[in-house]
Each structure stands twice: as structure tokens, then as C-alpha cells.
Amino acid sequence: MTESSIIPVFDGHNDVLLRLRRGGLNSIDAFLNGEAAGHIDLPRARRGGLAGGLCAIFIPSPDQPKPGNADFATPAQPDALNETLAMARLLLAIEARSQGAVKVCRSAADIRRSIAEGQFAAVFHIEGAEAVAADLDALYVLHHAGLRTLGPVWSRPNVFAYGVPFRFPSTPDIGPGLTDAGKDLIRACNELRIMIDLSHMNEQGFWDIAKLSNAPLVASHSNAHAISPHSRNLTDKQLDAIRDTGGLVGINFGVLFLRDDGVRNTDTPLEVLVRHVAYIAERIGIEHVALGSDFDGTTIPAALGDASGLPKLIDALRAHGFDAPSFAKIAYQNWLRVLEQTWGG
């Protein structure tokens, strides 16, 4: 076992619940016991040192089931609340059947305890708040059920904001910002201490949230626009704002958001991913860089493969000159700090 393989990784974004949803409740055993599909299951997480992460509930657009390099404008499914509840049930069922191997965490203390005890620390996250109507009643119920982080939009408009379409090359400055309902949503998330995820916000929405929110600014799975000029990536000015609030950026493993040519090519060296880590660390400080893989939600480098390949990324960071304290911050400590500050423990 290498030194890198024992470093726990807490990851800022995965879409495993959407993948499992397509298999229904029968997919739970496949996740717990291992399978060939996708990027994450429990055995592969253990092999790679993946100690947990934000498990997204994402409702695809009916005619765009798989994200790609396109301009999305279609809405989510009309039964978004039912689909959200079905995936939340799936997450809770995984916990119940896991015999203590998976824990749905509602506090930073829960995450710390789960990592220490070797449990997979799962956090209930919503990516695109179509399940929450403008009256916000569902938000309070979902929070009571365990919702702890939320992205107001995916890359399409909804009642709360516009979202940033997938474009390359492009700035994120596309479309208007928060609606009045969106501003109410941000205030309610602050009240409930739900972390607000900026990764699919367009630039105007980003700045609207920066003005309103009293919490650290977080982009759970985004990269540096200076390296890869994709609309989903963060400009230097946005990075600076994240630093100034004590927030963080989770580095996205998707090749579309890593490469400087915008090509979906799995033959993308891990050094390209490390370059984003290094750029953001130099720009805003190592305390503000983490991981946000987008496992099961995007095309990742073949050199990484799946969750079991995370030690290869740590080795690539070491080869670049990052030391052990830096690994620990990037791998899990920065996420724990920001979640603790946002949630209050």
C-alpha cells in the first residue's frame, strides 16, 4: 500500500444516485457489493480511499438525459419533486442496508466520525432546485429529511435563476441573475444553514449570491477558466471572491472542464487536472482548493478510471511538488472546514 492510498478523500460532487435510480431499489446491493458500471460503488470507494462526499440528486431534462458540450435550455422533468424524493429514499435505503458501512451525515461532526470509523460519509445534496417551488415549503421539509447542500440551478433556467449553459469557448457571463424567488431561496438557505453551491450558476447569478449570502462561497465541482475557457469554469475574479469569503473550489475531473481545447477526450493526462489545482492554489491559497470529481456525471480521464484510481491523483499531486499537509487539505480538510463553518458544526 502506498502512502497516497491511505489518505481519505471527501469529494464535493457525485451523481451516483441518478445512475442507481435507473436500476431502482435493486441497485442498492450492486452499490454495496460492487459492480462494473459507473465510477462509484462501495468497494471501489474503499480501494481508492474515497471516504464520502456530496451525493447529488439531479433531475435530467427529458430530451437531454446526458450532459454534454451543448447549450441547455429545456426544463427538468415536471415530476421533479417525486424524482427527488425517490432518490432521497434510495440514499436512505443504502444507509439502512449497509450494516453501518454508509452513513448519511447531517453535520461536520458526523462526517469526521464516519471517516474515523471507516464509514462512507454521504451528504444529501440537490443539484438544481426544480423540486422546490417558489413558496419554499419543500425546502424546509427536505432539510428536515437531511438536505444539507443545494445548487439553485443546473445549467438551465428555473424559477430561481438562469444557470450557465454549456459553451466552449465562452465566459460564464451568459444571461440574467437571480429572480426574486431566487433571492428568497438564498436567504432561506442561509437561515437553515444549507450550503449554497455555485457550480452551475452563470456569472450574474454568482455575483447576486455573493451580495446576498452570509456563508462561504462554494463551487463544488468547477475549474479555472484561465486554463480551460469553458462557461462552467470560474474566472479569476470569481476565484478571488471565493477566497475572500473563506470558501472553496472543488476541482471537477470532467475532461470538458479540464482541457484547453474543450474536447471530450479521455486520453487526458492527470497532470492537466493537477494544473488546475496548482493554478487555483497559487491564485487564492491551498486552503481554498478541494476535490469535486463529478463521478458518474461526466467523462473523466482514463488514467483515473473510477473512484479506485484516486491514489493515482494523489501521486500526481506529489509529483508536482505538493507535500503531505497539502494533500490532506485538498483531500478532505478544506471541505470539513467550510462545511463546519456553513452548518455550524
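Residues numbered from 1 in each chain as written. Predicted model: local features only at pLDDT ≥ 70, side-chain atom pairs only at ≥ 80, totals over all residues. Heavy atoms only, no water.

**A look at the environment of valine 141**
Here's step 1: If you trace the backbone, valine 141 turns up in helix 6 (residues 137–144).
Here's step 2: C-alpha of valine 141 to C-alpha of leucine 42: the two residues are 99 residues apart in sequence and 29 Å apart in space. (Helix = DSSP H or I, 4+ residues; strand = E, 2+ residues; numbered from the N terminus.)

**Quick word on the nonpolar core**
Here's step 1: Core analysis: the largest hydrophobic core is formed by 97 residues, its most contacted members being Leu17, Phe31, Leu139, Phe253 and Phe322.
Here's step 2: No other element matches the eight residues that helix 11 (residues 270–284) contributes to this core.
Here's step 3: The contact partners of leucine 139, leaving out residues within four places of it in the chain, are Val132, Leu147, Leu150, Leu185, Ala188, Cys189, Leu192 and Ile194.
Here's step 4: Ranked by size, the runner-up nonpolar core spans 17 residues in total, among them Val218, Leu248, Ala290 and Leu339. (Core = buried A, V, L, I, M, F, W, Y, C linked by side-chain atoms within 4.5 Å. Buried < 20%, exposed > 50% of the residue type's maximum accessible area, 1.4 Å probe, protein only. Contact = heavy atoms within 4.5 Å.)

**A look at the pairing of strand 5 (residues 147–151)**
Here's step 1: Across the five residues of strand 5, five count as buried, placing the element largely inside the fold.
Here's step 2: In the sheet, strand 4 (residues 120–127) pairs with strand 5 via four bridges, with the strands oriented parallel. Opposite phenylalanine 124, over in strand 5, you have leucine 147 as the bridge partner.
Here's step 3: The parallel pair strand 4 and strand 5 is bridged by helix 6, and the resulting crossover is right-handed.
Here's step 4: Sheet analysis places strand 5 next to strand 6 (residues 195–196), joined by two bridges and oriented parallel. Residue pairing in the sheet places threonine 149 in a bridge with methionine 195 of strand 6.
Here's step 5: Running through helix 7 (residues 180–192), the crossover from strand 5 to the neighbouring parallel element strand 6 is right-handed. (Pairing = 2+ DSSP bridges. Right-handed = clockwise from strand over helix to strand, strands pointing away.)

**So, helix 11**
Here's step 1: Here helix 11 is 15 residues long and its end C-alpha atoms lie 22 Å apart, about the 21 Å a rise of 1.5 Å per residue gives.
Here's step 2: Lining the buried residues of helix 11 we find helix 9 (236–244), strand 8 (248–251), helix 10 (255–258), strand 9 (289–291), helix 12 (310–320) and helix 13 (324–343).
Here's step 3: Following helix 11 by one or two positions, glycine 285 has its phi on the positive side, about 105 degrees. (Expected span 1.5 Å × (residues − 1).)

**Section: the packing of helix 5 (residues 108–117) against helix 13**
Two quantities define a packed helix pair, namely the angle between the axes and the distance from one axis to the other.
Here's step 1: The contact between helix 5 and helix 13 brings their axes to 9 Å, and the two run at 150 degrees. On the side of helix 5, the interface is formed by Ala108, Ile111 and Arg112, while helix 13 contributes Leu336, Leu339, Glu340 and Trp343.
Here's step 2: Partitioning the contact of helix 5 with helix 13 into residue classes produces five nonpolar, no polar and two charged. (Axes fitted to C-alpha atoms, helices over the stretch in contact; angles between N-to-C directions. Nonpolar A, V, L, I, M, F, W, Y, C, P; charged D, E, K, R; others polar.)

**Things to note about the packing of aromatic side chains**
Here's step 1: By the definition in use, this model includes seven aromatic pairs.
Here's step 2: Here the aromatic rings of tryptophan 154 and phenylalanine 166 are separated by 5.6 Å at their centres, their planes lie at 45 degrees, and the arrangement is tilted. Pair noted here: tryptophan 154 is in the loop between strand 5 and helix 7 and phenylalanine 166 is in the loop between strand 5 and helix 7, with a separation of 12 residues, a long-range link.
Here's step 3: Members of the aromatic cluster, each reached through a chain of ring pairs, are Phe58, Trp154, Phe166 and Phe257. (Phe/Tyr/Trp six-rings, centres within 6.5 Å; stacked < 30°, edge-to-face > 60°.)

**Observations concerning helix 5**
Here's step 1: Within helix 5 the residues assigned to the buried category are Ala108, Asp110, Ile111, Ser114 and Ile115. Mapping the buried residues of helix 5 onto a view down its axis gives an arc of 155 degrees, with all of them on the same face. Exposed side of helix 5, more than 90 degrees from the buried face: Ala116 and Glu117 are the residues found there.
Here's step 2: Contact partners of the buried residues in helix 5: strand 1 (9–14), strand 2 (50–57), strand 3 (102–104), strand 4 and helix 13.
Here's step 3: With its phi angle positive at about 75 degrees, glycine 118 sits one or two positions after the end of helix 5. (Arc of directions from axis to C-beta.)

**Side note on the side chain of serine 170**
Here's step 1: Checked against the element boundaries, serine 170 lands in the loop between strand 5 and helix 7.
Here's step 2: Judged by its relative accessible area of 16%, serine 170 is buried.
Here's step 3: Discounting residues that sit within four places of it in the chain, serine 170 has contacts with His225, Pro229, His230 and Ser231.

**Here's the deal with the pattern of salt bridges**
Here's step 1: For the structure on display, the rule yields 17 salt bridges.
Here's step 2: With a shortest N-O distance of 3.8 Å, aspartate 29 and arginine 97 are connected by a salt bridge. Of the two residues, aspartate 29 is situated in helix 2 (residues 27–33) and arginine 97 in helix 4 (residues 80–97); the sequence distance between them amounts to 68 residues.
Here's step 3: Aspartate 29 sits in the partly exposed class, given a relative accessible area of 38%.
Here's step 4: A salt bridge links aspartate 184 to arginine 187, with the nearest nitrogen and oxygen atoms 3.2 Å apart. (Salt bridge = Lys/Arg side-chain N within 4 Å of Asp/Glu carboxyl O.)

**Topic: the confidence of the model for the chain**
Here's step 1: For the chain, per-residue confidence averages 94 on the pLDDT scale, and residues scoring 70 or more make up 94% of the total.
Here's step 2: Of the regions scoring below 50 in pLDDT, residues 65–73 engages in 30 contacts with residues more than four places distant in sequence or in other chains. (pLDDT = per-residue confidence, 0-100.)

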